[in-house]
Amino acid sequence: VYSTIGLKALAFDCTSIVLRSPQWTADIRALARLGVLQVAVDAPDLLELLLRPSPSERRTALRESLYVLHTAPLDYERLTGER
């Protein structure tokens with residue numbers, strides 16, 4: 001229901017579905033138009049989207065760029081000069 005959950009779901013390897021809303025931001029409209037966010041209007045739409053294979057390749061690239069996944073953890077000791 002809430003667009004922030006739809007965006008946060010992109011961080012995980014799962015289908016991210018948002019319910020159509022007039023309150024979508026331009027970014028959410030763009031991600032829906034690109035097919036990164038799946039759009040449901042009602043419960044039957046939601047069920048159909050959950051059963052359909054998800055477009056994982058595009059979502060994986062976006063997830064890695066938005067959430068900086070698969071990078072080495074920060075070396076805080078080196079950054080702060082403390083040992």
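Criteria and cut-off values
Residues numbered from 1 in each chain as written. Predicted model: local features only at pLDDT ≥ 70, side-chain atom pairs only at ≥ 80, totals over all residues. Heavy atoms only, no water. Helix = DSSP H or I, 4+ residues; strand = E, 2+ residues; numbered from the N terminus. Polar contact = N/O pair within 3.5 Å; in protein donor to acceptor, adjacent residues only side chain to side chain. Buried < 20%, exposed > 50% of the residue type's maximum accessible area, 1.4 Å probe, protein only. Arc of directions from axis to C-beta. pLDDT = per-residue confidence, 0-100. Core = buried A, V, L, I, M, F, W, Y, C linked by side-chain atoms within 4.5 Å. Salt bridge = Lys/Arg side-chain N within 4 Å of Asp/Glu carboxyl O.

It is worth spelling out the side chain of Gln38 at this point. Along the polypeptide, Gln38 turns up in strand S2 (residues 38-40). From its side chain, Gln38 meets the backbone oxygen of Gly35 in a polar contact 2.8 Å long.

Another point: helix H2 (residues 26-34). Of all the residues in H2, the buried ones are Ile28, Leu31 and Ala32. With its buried residues spanning 100 degrees around the axis, H2 presents them on a single face. Residues Ala26 and Arg33 are exposed on H2 and point more than 90 degrees away from its buried face. Gly35 sits one or two residues past H2 and shows a positive phi near 85 degrees.

Next up on the list: the confidence of the model for the protein. When the pLDDT values of the protein are averaged, the result is 78; 71% of them are 70 or greater. Ranking the elements of the protein by mean pLDDT puts helix H4 (residues 56-67) last with 64 and S2 first with 90.

Next up on the list: the nonpolar core. Counting residues in hydrophobic clusters, the biggest one holds eight residues: Leu10, Val18, Trp24, Ile28, Leu31, Ala32, Val36 and Leu37. Take this core: its biggest share by element is three residues, from H2.

Right, let's get into the pattern of salt bridges. Taken as a whole and judged by the stated rule, the model has one salt bridge. A salt bridge links Glu48 to Arg52; its shortest N-O distance comes to 2.7 Å.

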